[in-house]
Protein chains: 2
Amino acid sequence: MTASLTEIRELVDAQLHEFLEARSREATAVSADAATLTDVLDPLLFRGKRIRAALCVWGYQLAAAAAGTHRESPLPAELVRAATSLELLHLSALIHDDMMDGSDTRRGQPTIHRRFEAFHDEHEFSGNAEGFGSAGALIAGDLCLGWSMSMFSSCGMERAASPAVLNIVDRMRSDVMIGQYLDMLGETRPLPDDKSIGAARTVVKYKSAKYSVEHPLLLGAALAGADEQLLHTISSFGMPLGEAFQLRDDVLGVFGDPHQTGKPAGDDLRSGKRTVMIAYTRAGASAAEKRTVDAMLGDPDLNEDDVSYLRGVIERSGGLARTEQLMTNLAQTARSALSELPPETAEVTATLEAFSHELTGRKS
Amino acid sequence: MTASLTEIRELVDAQLHEFLEARSREATAVSADAATLTDVLDPLLFRGKRIRAALCVWGYQLAAAAAGTHRESPLPAELVRAATSLELLHLSALIHDDMMDGSDTRRGQPTIHRRFEAFHDEHEFSGNAEGFGSAGALIAGDLCLGWSMSMFSSCGMERAASPAVLNIVDRMRSDVMIGQYLDMLGETRPLPDDKSIGAARTVVKYKSAKYSVEHPLLLGAALAGADEQLLHTISSFGMPLGEAFQLRDDVLGVFGDPHQTGKPAGDDLRSGKRTVMIAYTRAGASAAEKRTVDAMLGDPDLNEDDVSYLRGVIERSGGLARTEQLMTNLAQTARSALSELPPETAEVTATLEAFSHELTGRKS
């Protein structure tokens, strides 16, 4: 039976709890002061959607079904461990990403650099609280990145050390960071209209589509020994779905309900994110509105009125409509790839199809 | 024959060159803009002392000699690859460390965040150059951390995936970050004299002794299949030598010749590093001088006169002498541990003994 997202989430959270407790004991053994490093992670660590872990599990179950080696639940603990390591990798990316963007909240909680900042204030430490916050978050993110590797390489699956698997893990880590860099470059260097849509889509592909959807699926499948052809089909499903996933994220970053997203409304506008939706907006807006958009975008002090003005331009210019249209097309391309999968995989395929609707239709 | 540091350095640098070129091609394939991520690393990457790589190689040769499986040179390429991964791990730590300390130079070169800052200025990007610099360095450091893991896990040695080896790799990564955090905590929160020396030594042990000396030796030995007893003896050599190594570093950070260290004189004083030498100084200084030290330490604007005043206090208070004495004792403890090693290891042992003198007597 294909594992449900809820089932996977419970197993992953249990694994993370156990892991963080062990790490906390380890840190405390060095010095009681070091416990802060693990304490700050707790509230943020247990609020993830676990999408990447789930995709890794489903990729594994898909390849296992295709090979006729599909095991009944319970899920193998080694697989859960490998999948959970992706959530630690993701936490590391979020901690460092929030640092760069200077974000205050994540998953409805204070971001890690803000938590260290508060810790500095509470204890009336000398020196600069903001610098302490960034340094703490930098270290915490590095720790989580290292831990994700430790958890993965010690997951207990023989194939975890195979070249095919190691290559996917390597690509997953590198691509997201290259995408991250291109993203921040885009924020500091507006491109001409003819280039900006393509550049924004490259960021989406590397920072998000590969990292959040394609690679987790491929990793799971490779852990089950998938062949080249199956991996190729998985990519033709994962890449477009991953792009659509990020486009939804970008729309929610501007039009989403803060109570559901856990992020303040319009945060993406204040941080000046050069999303595909913004590229479409700039391409479709009047010269005057375009100038205003460029002037307002990335201004951390945008108030509610500014945000609703920008929302208006994004709608008037067709930026929102074109993004929704692209999202629909990508989701369809993704789903059509599922038809290439062998019949034995019907059950997992159905789960992936249903999930693709959730992913692109979600409100948070 | 035991490999010399020069021989190891050449092999490691060649390995790094090849690796960085491949990564640069990879990044450029995503976008020409991404090449900057690898370009900035070039000047810094090829100026390391390669101490960690060398210790890993010697640890391997030591265990191989003890087991009677010692191979003649050339060194196995798999071993060089495993050892080189430690230099990528170290580069990541340096990049993030320099970011936190806001250092301008490293190995006589501009630090990575300063290079990204300069890149931002050169291209007259919009937004804050300093923020761009930190974000770029954050990503570059994350990339190097991920790369070091990729290089290690794909080094081609069967034992690289064994629990014993993975455990050492995990400890190496975690301990240095815990030490890093305790170090920055020490800078923001001066402790009472009775606690400060012990706290400073804990930082030395975790941030430096284990990470720079003990773990690289243990890792190499474990890759050669060393037993518990041999690993234990290696620790009793590596830990005290690693402490002595860091104490020398702290002395050089205040009294070293900038032309030889590649770091501005007194940088450690401006960043307010709470070293063991400073702890000794505060314990031995007059109440008045202690107040002045506390007031000056960590002031980024200390001028040459301030620095020489502090040097004076460090000498008058006995801070320097006590540090040198502790260094001598630790180095002796380390060397005496070498006598416990089996006779078959005589040649590697001689190399380690000679190296222990270089490490504690070095000028850079």
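Parameters at a glance
- Residues numbered from 1 in each chain as written.
- Chains lettered and ligands numbered in written order.
- Predicted model: local features only at pLDDT ≥ 70, side-chain atom pairs only at ≥ 80, totals over all residues.
- Heavy atoms only, no water.
- Helix = DSSP H or I, 4+ residues; strand = E, 2+ residues; numbered from the N terminus.
- Rg over C-alpha atoms; globule rule 2.2 N^0.38 Å.
- Buried < 20%, exposed > 50% of the residue type's maximum accessible area, 1.4 Å probe, protein only.
- Contact = heavy atoms within 4.5 Å.
- Least-squares fit on C-alpha atoms with pLDDT ≥ 70 in both.
- pLDDT = per-residue confidence, 0-100.
- Polar contact = N/O pair within 3.5 Å; in protein donor to acceptor, adjacent residues only side chain to side chain.
- Axes fitted to C-alpha atoms, helices over the stretch in contact; angles between N-to-C directions.
- Parallel < 35°, antiparallel > 145°, perpendicular 65-115°, else oblique.
- Left-handed = near helix turned anticlockwise from the far one by under 90°.
- Nonpolar A, V, L, I, M, F, W, Y, C, P; charged D, E, K, R; others polar.
- Phe/Tyr/Trp six-rings, centres within 6.5 Å; stacked < 30°, edge-to-face > 60°.
- Lys NZ or Arg CZ within 6 Å of the ring centre and 35° of its normal.
- Arc of directions from axis to C-beta.

(A) Up close: the overall build of chain A. Looking only at helices and strands, chain A features 17 helices and two strands. Its C-alpha atoms give chain A a radius of gyration of 21 Å, within 12% of the compact-globule value 21 Å for 364 residues. Split into buried and exposed, the 364 residues of chain A put 62% on the buried side. A fraction of 78% describes how many contacts in chain A between residues 6 or more apart in sequence connect residues 24 or more apart.

(B) Quick peek at the relation of the copies chain B and chain A. Mapping chain B onto chain A leaves a residual RMSD of 0.0 Å; the transformation is a rotation of 180 degrees accompanied by 0.0 Å of translation along its axis. Considering both components of the superposition, the chain copies are consistent with a two-fold axis. In this assembly the copies share their binding face: 100% of the residues contributing to the interface of chain B also contribute to that of chain A.

(C) Main features of the confidence of the model for chain A. Mean pLDDT over chain A stands at 93; residues scoring 70 or higher make up 99%. Interface scoring of the predicted complex returns ipTM 0.93; its pTM is 0.94.

(D) Highlighting the side chain of Ser356(B). Residues and elements named next belong to chain B. For Ser356, the location among the structural elements is in helix α17 (residues 346-361). A distance of 2.6 Å separates a polar atom in the side chain of Ser356 from the backbone oxygen of Glu353. When near neighbours in sequence (up to four residues on either side) are disregarded, Ser356 contacts Phe237, Leu241 and Arg335.

(E) Looking closely at the packing of helix α4 (residues 51-66) of chain B against helix α10 (residues 228-255) of chain B. All names here are of chain B. Between α4 and α10, the least distance of the axes is 12 Å, while the angle of their chain directions is 155 degrees. Judged on the interaxial angle alone, α10 and α4 are roughly antiparallel. Classified by chirality, the crossing of α10 by α4 is right-handed. On α10, the residues touching Ile51, Arg52, Leu62, Ala63 and Ala66 of α4 are Leu230, Ile234 and Phe245. Residues of the contact of α4 with α10, tallied by class, amount to seven nonpolar, no polar and one charged.

(F) Structural context of the packing of α4(B) against α17(B). Residue and element names in this part refer to chain B. Axis separation between α4 and α17 bottoms out at 10 Å; the angle between their running directions is 155 degrees. Comparing the axis directions of α4 and α17 gives the class roughly antiparallel. The two elements α4 and α17 cross, and the hand of that crossing is left-handed. Packed against α4, whose contacting residues are Ile51, Leu55, Trp58, Gln61, Leu62 and Ala65, the element α17 presents Val348, Thr349, Thr351, Leu352, Phe355 and Leu359 at the interface. Of the residues that constitute the contact of α4 with α17, the class distribution is nine nonpolar, three polar and no charged.

(G) Layout of the packing of aromatic side chains. The full count for this structure, using the stated rule, is 16 aromatic pairs over all chains. Look at Trp58(A) and Phe355(A): their rings are 5.0 Å apart centre to centre, the planes differ by 70 degrees, and that puts the pair in the edge-to-face class. Of this pair, Trp58(A) sits in helix α4 (residues 51-66) while Phe355(A) sits in helix α17 (residues 346-361); the two residues are 297 residues apart in sequence, bridging distant segments of the chain. Under the relative-accessibility criterion, Trp58(A) is labelled buried at 2%. The class of Phe355(A) is buried, set by a relative accessible area of 4%. A centroid spacing of 5.7 Å and a plane angle of 80 degrees characterise the contact between Phe19(B) and Trp147(B), whose relative ring orientation is edge-to-face. Separated by 128 residues along the polypeptide, Phe19(B) in helix α1 (residues 5-30) and Trp147(B) in helix α7 (residues 129-153) bring together distant segments of the chain. This pair shows no difference in class: Phe19(B) is buried, exactly as Trp147(B) is. One aromatic cluster is present, formed by Phe116(A), Phe119(A), Phe125(A), Phe132(A) and Tyr181(B) through successive ring pairs. Its end group placed over the ring of Tyr206(A), Lys210(A) keeps NZ or CZ at 5.5 Å from the ring centre.

(H) Molecular detail of helix α6 (residues 112-122) of chain B. Along α6(B), the residues classified as buried are Ile112(B), His113(B), Phe116(B), Glu117(B), Phe119(B) and His120(B). For α6(B), the arc enclosing every buried residue in end-on projection is 160 degrees, short of the 170-degree limit, so these residues lie on one face. Lining the buried residues of α6(B) we find α8 (163-188) of chain A together with α2 (35-39), α3 (42-45), α5 (77-101), β2 (109-110) and α7 of chain B. Among the residues trailing α6(B), Glu124(B) stands out with phi positive, at a value near 45 degrees.

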